[in-house]
Amino acid sequence: MNDKDNIKLCIENIEKMTPNIVSPNDTMLVQALTPLLQACTREINKLLHEEIDLSSLSLCVRTIFELYLILMHISTDEKALNNWFGQSYKDHKDINDGFIALGKKRGLDEYVSELEKVQEFLDGSLDSSPFVSKGRFNIRDLAEKFEHLEDYKAVHKLCSKLIHPTSLNVNAYDALSKNNVYYNMIFRIGVFYSQQIEEFSSRYQGLVTSG
């Protein structure tokens, strides 16, 4: 099979496993794994689009890599699983606070009032939950924990130069886009971690549904 076939198989197998990771075993791990695996299939699907450019591909592969590490982390560490749910609140608060401040500065009062109501609801939800607000995982630490530090250095540092408006990305965009070596290497990394996620979904499907 070629890479495209492997990606299609990954998506098919992950999707096959994901619907089984639901109630009646509605544990915290179930609640975390289901949307994470759904996010994985969304990202892996992007690898099938022929029109995806080098920058978009780099962001996609970086996201797949991070999703894999998060899956591994929360499935092997109960504290990490609790932190994962606490991150959701902090992410919402960071976004809302930022947009509220920006909206007030730009005179977008109608949006500000709605966001303030949303944040008030989230604050109440956090108070009644067993979770605490937490910052996001350090991806470098997770990569080192699961022995993917060299991959981290390549995927994060090199892909960052192709995602952000670096001098390299701006001034050499045409040359980079025409160089199939960069594209093909990043693409193959995406295929590899897609297969790792596929293996994960197969390994943990039985554990979660039986737990």
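Everything here concerns the structure above.
Residues numbered from 1 in each chain as written. Predicted model: local features only at pLDDT ≥ 70, side-chain atom pairs only at ≥ 80, totals over all residues. Heavy atoms only, no water.

(A) Just the overall build of the protein, in detail. Along the backbone of the protein there are ten helices and zero strands. Walking the protein from its N terminus toward its C terminus, one meets helices and strands in the order α-α-α-α-α-α-α-α-α-α. Its C-alpha atoms give the protein principal-axis dimensions of about 50 × 50 × 30 Å. A buried classification covers 40% of the 211 residues belonging to the protein. The contacts of the protein with a sequence gap of at least 6 include a subset with a gap of at least 24, amounting to 77%. Accessible area for the protein stands at about 12100 Å²; split by element, carbon and sulfur atoms hold 54% of it. One way to put it: in the protein the 23 positive side-chain charges average out to a point 5 Å from where the 30 negative ones average out. (Helix = DSSP H or I, 4+ residues; strand = E, 2+ residues; numbered from the N terminus. Buried < 20%, exposed > 50% of the residue type's maximum accessible area, 1.4 Å probe, protein only. Contact = heavy atoms within 4.5 Å. Areas by Shrake-Rupley, 256 points an atom, 1.4 Å probe, with all protein chains shown as cover. Lys, Arg positive; Asp, Glu negative; His and termini not counted. Charge placed at Lys NZ, Arg CZ, Asp CG, Glu CD.)

(B) Structural view of the nonpolar core. Among the nonpolar cores identified, the biggest contains 46 residues, and Leu47, Leu69, Leu71, Ile74 and Ile197 are the most heavily contacted of them. Those elements that provide at least two residues to this core are α1 (3-17), α2 (28-46), α3 (54-76), α4 (78-106), α6 (139-145), α7 (149-163) and α10 (180-210). Counting residues per element, this core draws most heavily on α3, which supplies 13 residues. (Core = buried A, V, L, I, M, F, W, Y, C linked by side-chain atoms within 4.5 Å.)

(C) How the structure looks around the packing of aromatic side chains. Per the stated rule, a full pass over the model turns up five aromatic pairs. With a centroid separation of 4.9 Å and an interplanar angle of 75°, the aromatic rings of Phe65 and Tyr193 are classed as edge-to-face. Taken together, the residues Phe65 in helix α3 and Tyr193 in helix α10 connect sequence positions 128 residues apart. Ring geometry for Trp84 versus Phe137: centroids 6.1 Å apart, planes at 10°, classification stacked. Of this pair, Trp84 sits in helix α4 while Phe137 is found in the loop between α5 (109-127) and α6, placing the two residues 53 residues apart along the sequence. (Phe/Tyr/Trp six-rings, centres within 6.5 Å; stacked < 30°, edge-to-face > 60°.)

(D) View of the pattern of salt bridges. One pass over the full model with this rule turns up eleven salt bridges. In the salt-bridge network here, residues are joined through shared partners; they are Arg62, Glu66 and Arg136. (Salt bridge = Lys/Arg side-chain N within 4 Å of Asp/Glu carboxyl O.)

(E) Local environment of α5. With 19 residues, α5 extends 27 Å between its outermost C-alpha atoms, agreeing within 8% with the 27 Å of an ideal straight helix rising 1.5 Å per residue. Turning to α5, its buried residues number three or more, namely Val112, Gln119, Leu122 and Leu126. Down the axis, α5 shows its buried residues gathered within 85° of arc, on one side only. In this structure, α5 carries Lys117, Glu120 and Phe121 as exposed residues pointing more than 90 degrees from its buried face. Contacts from the buried residues of α5 go to α4. (Expected span 1.5 Å × (residues − 1). Arc of directions from axis to C-beta.)

(F) Summary view of a nonpolar patch on the surface. Residues Ile95, Phe99 and Leu102 make up a contiguous nonpolar surface patch of about 310 Å² in total accessible area. Within the secondary structure layout, Phe99 lies in helix α4. (Patch = residues over 30% accessible without salt bridge, like charges linked within 9 Å, V, L, I, M, F, W, Y side chains within 5 Å.)

(G) Quick look at α7. An ideal rise of 1.5 Å per residue puts 21 Å on 15 residues; α7 measures up with 20 Å between its terminal C-alpha atoms. Every buried residue belonging to α7 is among Leu149, Tyr152, Val155, His156, Cys159, Ser160 and Leu162, and all of these are buried.

(H) Focus on the packing of α3 against α4. Where α3 meets α4, the closest approach of the two axes is 5 Å, and the angle between their N-to-C directions is 120°. The orientation of α3 with respect to α4, classified from their angle, is oblique. Here Ile70, His73, Ile74 and Thr76 of α3 lie close against α4, whose contacting residues are Glu78, Ala80, Leu81 and Trp84. Taken together, the residues of the contact of α3 with α4 break down into five nonpolar, two polar and one charged. (Axes fitted to C-alpha atoms, helices over the stretch in contact; angles between N-to-C directions. Parallel < 35°, antiparallel > 145°, perpendicular 65-115°, else oblique. Nonpolar A, V, L, I, M, F, W, Y, C, P; charged D, E, K, R; others polar.)

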